[in-house]
Amino acid sequence: NRVTYFLALETSCDETAAAVFTDELQVLSSVVASQTDLHARFGGVVPEIASRAHLRSLLPVVDDALARAHIGLKDIGCVAVHNTPGLVGALLVGVSAAKALAFGLGVPLIAVNHVASHIFACRLAAGRDIFPCVGLVVSGGHTALFRCDTALSMELLGGTRDDAAGEAFDKVAAILGLGFPGGPAVEREAAAGNPKAHDFPRSFIHDGRLEFSFSGLKTAVMYACHGQDVKRATPPGPGQKRADLAASFQSAVVDVLAMKCKQALRKTGLARLAVGGGVSANKPLRAALEAMCKKEGADLFIPPLSLCTDNAAMAALAVEKWKQGAFAPDDLDAEPNWL
Ligand code: KG4
Ligand code: ZN
């Protein structure tokens, strides 16, 4: 019984990533090259720049992942790639490279859904089965709750009507002049602020629907920051006002996410919550979810930071598909939209 080595690629947004893992879910290496510096001066991810940077970085990142795993390309028995959802030009770089590698090596290719992988990151980190569970994916592109009966079956319980939670963090960071990426900057700023200074809206919080809306919250922060004259406004600069705005905003997002997870647990009758995506790196969110799960008698699974934000190790979900023989067709394409 020989072990099979998987090489996985991730290029859906602004991280170029490769990982090597085995069919027993042992992660041998996980390399992430961030493009943050390239996008920072534009205040957000620029799709064309992202695609070009993936082209430049992908093969060096693959070489690095193989070297760290102490294996060569010839040892790879399966290639996996996130082909959906994401920026189409960015996804195409990974998909094209994965197809070429699989074809060249004569090994199967497996297409993996990036959002399903974010939930699977919890399974990887836990080292044991976590299904069935409620899955929450909170990232720059997604905020959605799922019923996950197995690693590969996700039923959407509800998503966002407008902005994703991470997008709201990024936009509020821009309003407050905190730079890009916004999530970690807002979290740092919020640490010195009063979360009760502003009573920002918590959309649908007492409403049974498992849906989210963050664009009104972002607008409320903008008016609280600048008054009515938002067009000519400049960011507030350091001080208590800025910290209070950040803390009050963050507390609104955290309250909504924790409440909706609680409602999803009750609605499904499940007693496990798995959380993934970049926003799950947020410490106050982790603390709120821990407290909520404890009260509800549910088990909480949140991966360590390196598995929360975009990476290729979470594509170990490919192993589940591989066991079923669910290989990708030769004409596999990038699919920007999924939900
Ligand atoms: O999962 P991810 O790396 O990429 C996507 O698939 O979108 O998530 C990136 C998002 C960004 O919007 C970023 O601002 C947010 O996650 N983020 C955070 C934190 N770290 C990253 N949001 C809040 N608090 C954080 N500590
Ligand atoms: Zn992601």
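Computed from a prediction, not measured in an experiment: that's the story for all the values here. (Residues numbered from 1 in each chain as written. Chains lettered and ligands numbered in written order. Predicted model: local features only at pLDDT ≥ 70, side-chain atom pairs only at ≥ 80, totals over all residues.)

**Examining the site of ligand 1**
Every one of the 20 residues lining ligand 1 counts as a neighbour, but Gly140, Gly166, Gly183, Gly278 and Asn282 are closest to it. For the shell around ligand 1, the secondary-structure elements that each account for two or more residues are helix 5 (165-175) and helix 6 (182-190). Among the residues forming the shell around ligand 1, the class breakdown is 6 nonpolar, 10 polar and 4 charged. Per-domain counts for the shell around ligand 1 show at least three residues from each of domain 1 (5-119 + 308-324) and domain 2 (130-305). (Near = placed C-beta within 6 Å. Helix = DSSP H or I, 4+ residues; strand = E, 2+ residues; numbered from the N terminus. Nonpolar A, V, L, I, M, F, W, Y, C, P; charged D, E, K, R; others polar. Domains from an automatic or database assignment.)

**Concerning the UniProt feature "binding site: substrate" (unreviewed entry) in the protein**
The positions that UniProt labels "binding site: substrate" (unreviewed entry) are, in the present scheme, Val137, Val138, Ser139, Gly140, Gly141, Asp170, Gly183, Glu187 and Asn282. Examined against the element boundaries, Val138 turns out to sit in strand 6 (residues 133-138). In contact with Val138, not counting residues within four places along its chain, are Thr143, Ala165, Gly166, Leu257, Gly277, Val279 and Ser280. Mapped onto the fold, Asp170 is located in helix 5. If we ignore the near neighbours within four places in the chain, the residues touching Asp170 are Gly44, Gly140, Phe180, Pro181, Gly182 and Gly183. (UniProt positions renumbered as here; feature names shortened; annotations may be inferred. Contact = placed C-beta atoms within 7 Å.)

**A few points about the nonpolar core**
Membership of the largest hydrophobic core comes to 114 residues, with the highest contact counts inside it found for Ala8, Ala18, Ala19, Leu273, Ala315, Ala316 and Ala318. Composition of this core by domain shows at least three residues from each of domain 1 (5-119 + 308-324) and domain 2 (130-305). Not counting chain neighbours up to four residues away, the residues in contact with Ala316 comprise Phe21, Leu25, Val27, Phe120 and Leu124. (Core = buried A, V, L, I, M, F, W, Y, C linked by C-beta atoms within 7 Å. Buried ≥ 20, exposed ≤ 12 C-beta atoms within 10 Å, placed from the backbone.)

**Concerning the sheet that holds strand 8 (residues 153-159)**
The mixed open sheet is built from 5 strands, whose spatial order is 8-7-6-9-10. Of all the strands in the sheet, just strand 8 and strand 10 (299-301) have a single pairing partner and so form its edges. Each strand of the sheet is rotated relative to its neighbour by a mean of 25°, with strand direction disregarded. Pairing of strand 9 (residues 272-276) with strand 10 involves 3 bridges; the strand directions are parallel. If you follow Ala274 over to strand 10, its bridge partner there is Phe301. This element, helix 4 (residues 114-126), spans strand 6, strand 7 (143-150), strand 8, strand 9 and strand 10 of the sheet and lies at about 115° to strand 9. (Pairing = 2+ DSSP bridges. Axes fitted to C-alpha atoms, helices over the stretch in contact; angles between N-to-C directions.)

**Here we look at the domain arrangement of the protein**
We note that the domain assignment places domain 1 (5-119 + 308-324) and domain 2 (130-305) within the protein. Domain 1 and domain 2 are separated by 27 Å when their C-alpha centres are compared. At the junction of the two partners, domain 1 supplies 16 residues and domain 2 supplies 22 residues. Every element with two or more residues in the side of domain 1 that touches domain 2 is listed here: helix 1 (36-40), helix 4 and helix 11 (317-324). Within the side of domain 1 that touches domain 2, the residues separate by chemical class into 8 nonpolar, 6 polar and 2 charged.

**Concerning the sheet that holds strand 4 (residues 76-84)**
Neighbouring strands of a sheet are bound in pairs by backbone hydrogen bonds; such pairs are parallel or else antiparallel. Across the sheet, 5 strands lie side by side as 3-2-1-4-5; this open sheet has mixed pairing. The sheet is open, and its two borders are formed by strand 3 (27-34) and strand 5 (109-113), each paired with just one other strand. The mean inter-strand angle of the sheet, taken between neighbouring strand axes irrespective of direction, is 20°. Where strand 2 (residues 15-22) lies against strand 3, 7 bridges are found, and the strand directions are antiparallel. Its bridge partner being in strand 3, Glu15 is matched across the sheet by Ser34. Sitting on the sheet, helix 4 is in contact with strand 3, strand 4 and strand 5, with an inclination near 90° to strand 5.

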